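Okay, here's what each chain looks like letter by letter:
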Amino acid sequence: MKKIFLSIFMMTGFAVAAQELSYYLPDSVQYDSAIPKPKEVIHHEVGEWHVTHDRLVNYMHALAKAAPNRIKMETMGYTYEGRPQVLLLITSPENHRNLEQIRQQHVQLSDPQRSASLDISNMPIVVYIGHSIHGNEPSGSNAALLSAYYLAAAQGKQVDDLLKHTVILLDPSFNPDGLQRFATWVNQHKSKSQVTDPNSREFNEVWPGGRFNHYWFDLNRDWLPAQHVESRNRLKWFHQWKPNILTDHHEQGSNATFFFQPGVPSRVNPLTPARNQELTAQLGNFHAAFLDRIGSLYFTKENYDDFYYGKGSTYPDINGAIGILFEQGSSRGHAQQTNNGLLTFPFTIKNQFITTLSTLEGAKALRKDFLQWQKDFYTGADKEGAAYGVRAYVFGDDEDPERARIFANILLQHQVTVHKLGSDVAAGGIQFKKEKGFIVPAHQPQFRLIRSIFEKTLDYRDSLFYDITSWTMPLAMGLPHAELNAAQYNSRLHGEKILNELKGNGQVAGNRSEYGYLMQWSDFNAPAALFELQKEGIMTKVATNAFELVVNGKNKKYATGTILIPVSMQEKKSEEIYAQVKKVAEKYALTIDAVHSGGALAGSDLGSSRFVALTKPEIAMIVGAGVNALDAGEVWHLMDQRFEIPVSHLEASVFNRVDVSKYNTLILVSGNYSELNKEKLRSWVQGGGNLILMEDAINWAAQNGIATVNFKKAKPADSTRVLPYSSREQVEGAQRMSGAILTAEMDLSHPLAYGYQRPTISLFKGNRIFMEKSKNPFATPVRYSSQPLISGWVSRENQEMVKNAAAVVVNTLGSGRVISIAENINLRAFWLGGTKLMMNAVFFGKVIDAASARVE
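Treat the numbers as computed from the prediction; the structure is a model and nothing was measured.

Calculation notes
- Residues numbered from 1 in each chain as written.
- Predicted model: local features only at pLDDT ≥ 70, side-chain atom pairs only at ≥ 80, totals over all residues.
- Heavy atoms only, no water.
- Helix = DSSP H or I, 4+ residues; strand = E, 2+ residues; numbered from the N terminus.
- Axes fitted to C-alpha atoms, helices over the stretch in contact; angles between N-to-C directions.
- Parallel < 35°, antiparallel > 145°, perpendicular 65-115°, else oblique.
- Left-handed = near helix turned anticlockwise from the far one by under 90°.
- Contact = heavy atoms within 4.5 Å.
- Core = buried A, V, L, I, M, F, W, Y, C linked by side-chain atoms within 4.5 Å.
- Buried < 20%, exposed > 50% of the residue type's maximum accessible area, 1.4 Å probe, protein only.
- Expected span 1.5 Å × (residues − 1).
- 1 Å grid on protein atoms, 1.4 Å probe; cavity = no way out; pocket = protein on both sides within 12 Å on 5 of 7 lines; lining within 4 Å.
- Points joined across faces, edges and corners; volume = space filled by probe spheres on them.
- Nonpolar A, V, L, I, M, F, W, Y, C, P; charged D, E, K, R; others polar.
- Pairing = 2+ DSSP bridges.
- Phe/Tyr/Trp six-rings, centres within 6.5 Å; stacked < 30°, edge-to-face > 60°.
- Lys NZ or Arg CZ within 6 Å of the ring centre and 35° of its normal.

Caption draft 1: Quick look at unusual backbone geometry. Note that the residue after Trp-207, namely Pro-208, is joined by a cis bond; omega there is 0°. With respect to the helices and strands, Pro-208 occurs in the loop between helix H8 (176–188) and helix H9 (229–241). Each neighbour pair has its own omega, and for Gln-261 with Pro-262 the value is 20°, a cis peptide bond. Locating Pro-262 in the fold gives a position in the loop between strand S8 (258–260) and helix H10 (274–294). For Asn-511, which is not a glycine, the phi torsion comes out positive at approximately 60°.

Caption draft 2: The arrangement of the packing of helix H16 (residues 526–535) against helix H17 (residues 574–587) in detail. Contact geometry for H16 and H17: axes closest at 10 Å, N-to-C directions at 155°. Relative to H17, the element H16 lies roughly antiparallel. Seen from above, H16 lies across H17 with right-handed handedness. Facing Ala-529, Glu-532 and Leu-533 of H16, the residues of H17 in contact are Gln-580, Val-581, Lys-583, Val-584 and Lys-587.

Caption draft 3: Summary view of the nonpolar core. If you look at the biggest cluster of nonpolar residues, it comprises 170 residues, and the most contacted ones within it are Phe-395, Tyr-517, Met-639, Leu-668, Leu-681, Leu-691 and Met-838. The residues touching Met-838, leaving out its near neighbours within four places in the chain, are Val-635, Leu-638, Met-639, Ile-667, Ile-692, Met-694, Ile-825 and Asn-826. By size, the runner-up hydrophobic cluster in this structure holds 70 residues, among which are Leu-25, Ala-64, Ile-168 and Leu-343.

Caption draft 4: Representation of the environment of Ile-133. Among the secondary structure elements, Ile-133 is positioned in the loop between strand S4 (125–131) and helix H6 (139–153). Residue Ile-133 is classed as buried on the basis of its relative accessible area of 0%. Residues Ile-133 and Phe-212 lie 79 residues apart in sequence; the distance between their C-alpha atoms is 8.3 Å. Residue contacts for Ile-133: discarding those within four places in its chain leaves Phe-174, Asn-175, Arg-211, Leu-219, Asn-220, Trp-223, Arg-234, Asp-248 and His-250.

Caption draft 5: Molecular detail of helix H11 (residues 345–365). Here H11 contains 21 residues, and its C-alpha end-to-end distance of 31 Å stays within 8% of the 30 Å for a straight helix at 1.5 Å per residue. The buried fraction of H11 amounts to 20 of the 21 residues, a majority that puts the element mostly inside the structure.

Caption draft 6: Structural view of the side chain of Thr-356. With respect to the helices, strands and loops of the structure, Thr-356 is situated in helix H11. With residues up to four places along the chain from it excluded, the contact list for Thr-356 reads Ile-129, Ser-147 and His-249.

Caption draft 7: Region of interest: the layout of surface pockets. Taken as a whole, the largest pocket holds about 1,400 Å³ of empty space. Asn-409, Ile-410, Leu-412, Gln-413 and Glu-501 are the residues nearest the centre of the largest pocket, which is lined by 45 residues in total. For the lining of the largest pocket, the secondary structure elements donating two or more residues are H9, helix H13 (401–413), H17 and helix H18 (629–642). Sort the elements by how many residues they give to the lining of the largest pocket and H13 lands first, with 7 residues. Broken down by class, the residue content of the lining of the largest pocket amounts to 17 nonpolar, 14 polar and 14 charged.

Caption draft 8: Region of the structure containing the sheet that holds strand S25 (residues 591–595). Strand order across the open sheet formed by 6 strands is S19-S25-S20-S24-S21-S27, with mixed pairing between neighbours. The open sheet has two edge strands, strand S19 (507–509) and strand S27 (611–613), and neither has a second partner. Recorded for the sheet is a direction-independent mean angle of 30° between the axes of neighbouring strands. The sheet contacts of H17 involve S19, strand S20 (516–519), strand S24 (563–566) and S25, and relative to S19 the element is tilted by about 120°.

Caption draft 9: Quick peek at the environment of Gln-757. Inspection of the secondary structure assignment puts Gln-757 in the loop between strand S32 (740–746) and strand S33 (760–765). The spatial distance from the C-alpha of Gln-757 to the C-alpha of Asp-397 is 9.8 Å, given a sequence separation of 360 residues. Setting aside its immediate chain neighbours within four residues, Gln-757 contacts Glu-399, Ser-522 and Leu-748.

Caption draft 10: Just the packing of aromatic side chains, in detail. Taken as a whole and assessed by the stated rule, the structure comprises 39 aromatic pairs. Aromatic pair Tyr-23 and Tyr-24: ring centres 4.9 Å apart, planes at 80°, arrangement edge-to-face. Note on accessibility: Tyr-23 and Tyr-24 belong to one class, buried. Aromatic rings pair up to connect Tyr-80, Trp-207, Tyr-215, Trp-216 and Trp-636 into one cluster. Stacked on the ring of Phe-377, the Lys or Arg Arg-448 has its end atom at 4.6 Å from the ring centre.

Caption draft 11: Focus on the pairing of strand S28 (residues 619–623). Where burial is concerned, most of S28 is hidden: 5 out of the 5 residues are buried. A two-sided burial pattern is seen for S28, the buried positions comprising Ile-619, Met-621 and Val-623 on one face and Ala-620 and Ile-622 on the other. Where S28 meets strand S29 (residues 647–651), 5 bridges bridge the pair, whose relative direction is parallel. Each residue of the ladder has a partner; that of Val-623, found in S29, is Glu-651. Here 3 bridges tie S28 to strand S30 (residues 665–668), and the two strands are oriented parallel to one another. Directly across from Met-621, in S30, lies its bridge partner Ile-667.

Caption draft 12: Main features of empty space enclosed by the protein. Counting across every chain of the model gives 2 cavities of 30 Å³ or more. If you tally residues by element for the lining of the largest cavity, the top one is H18, at 4 residues. Residues that form the lining of the largest cavity fall into these classes: 5 nonpolar, 3 polar and 2 charged. In this structure, the second largest cavity occupies an estimated 30 Å³ of space. Asp-400, Pro-401, Glu-402, Arg-405, Asp-523, Phe-524, Asn-525, Tyr-588, Ala-589 and Leu-590 together form the lining of the second largest cavity. For the lining of the second largest cavity, the residue count by class is 5 nonpolar, 1 polar and 4 charged.

Right, here's the structure in full:
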């Protein structure tokens, strides 16, 4: 550890006035005067104002232009709002001349077939420095200004030595849209005479706040699902370079100090090798030394964990690297009074900057250890995969190939080897067909990551968790899947290796018809196609009875939920109908059948009243203060990105004052709706509205006589128990539902189950909403069995509560329908097994027979 990095920070006081660079930077280092300082580009001192994303990028451009021998800037991609995600590649001039060669050699560390002969003695270490994935935790991105300037301008042997042995990937903003939103908020509320009162508007954002991306998602839960453009752009570069260390700069509550990993030892994912935590602790010694020197308080091994691999600080752990979480107490503005005194924005930036320097110093000092660990990680994973009892995982769905393609594409983003099935195989009671299914061999470098994606977990060392406890992705995707043992597995099952993103093909089978077209509802993209047809003014019907008829010369069976597009009843001409049907079939990769007769071989004829005319959904969702922004964002993203269905976002105050008769569907996700006019809502439902309630919204609606739902009551606690004071957190925390996977039984004949092929569904339980089954025997289409837990942590008490509980209950209110869904069926945009249930509630809510949902 070089003396320069321990002696540079002597100021510990808080200062409200603008701080010059000397407040932050090492004072014993000379700086190249040709390199622009931040103020020369962003027009204020670092920490004087919150840097907006556009100015942050402008400064990175300026540095790359001024220091091309040290910095190369890349654009990884663009956010939903069109903001660039930039990445600075920072290293020595000599390394830049050989950068592609260095990259190619470095990634060989993750290839057991090539890594054995690699000489790491002079190989640079790769360090990814990432900032502010939560946009309202801005000290990280503002510290990126300092880190970039220092690495561009600092002169001297020690800096040269650092750059010689390190390739730094500096990502100044993980979440550009959120950062811009938050910076705009706090800057517009900054006073000339500094206000530090935590109650002031500057420190209390309006809903949804700057934490999230455009669709109100937490991007720090998306590293594994990779559902958002920001994550996909970033993952591409992560795997192009395979960094040895990734830092994830966050903020925590204002009354906290500074956290760095290791986290809680008992909450490390068991798939993470012990050596990972050893290196994390060794690197932590550098953070401690640097923070000690400036007198900054900190803590480790508390509060935060390394369990869920979808976070920035844990995803590297399952990819042969070390992820480091930094959590700085947040000023949430420019300066705020806290329990620890006045906390200024410059001070929070300073701590983030110094831990960037401590990371780089530790990386340089431990370079060979980290490089060797990356090699050992993948060599060990390869050996474990070769000896593992499960030789491969298979998945696929003949009735809905799109979800299987989506899942395969997610795996490809994580460098997982995936093949199409080369021959039929039966496993787990399921028949997987050649070319329609996929196989993932266990014997490959990403073996440990594959296990974390496919396997179920029921055994835990701890009962407290910072995030969800299970994320078995085939269950989340609702995909038939199975494990293959040695007796079932052979290399002939390996068909074509998937190299590029999979896309489906669509068609109208049988070409143009003068009679009608049939679209099967089991296809994932069917809701998008249905809405587009309705938007074009094409009349559609849904089959409420199964049927069989001759199609293209062959007998074919159709399930309930099949969509009929009759030709003769339309206002449009048959050629226009065909053109529109063909368009949606090709756009959404669907096979839509042309039919030339309505006579059924079995079941209902196409002219039967069992085919019910559908109304185009006009959807509104209540948003704003009190509403869970994450849940609302999941619905918005699903409708907008997946299905191109517009949803009006209504604040409670807007709902209360406007004419809402234009909407026929209203969605209330988890939240507090005390400001919503319940009488107006009740009247709207009674008039024929379709109300979809999710999670906590059910409680509010039941209390106000809108949802006819009863809740299970927990057994009263033993009032005679005496427990140690120190055990309170563990005892109470164990009763939280952090998120587990449960299986529920479905009534496949019910409109809410249209499109499902199997009588069970995997649901994510992250709340303590336990509904009783309806007194109407037809009104509980989804319910839990006596042993519903598949994967994840659930306390004994909560397991008792969820046994035989209802997951979905339907009731009538006047002419309307109220659909109560106890779980988050849209979790993080990857819980596609619940998507059909959500879309059925939207499209078929009014198809539900009133008598089946009426409770006397």
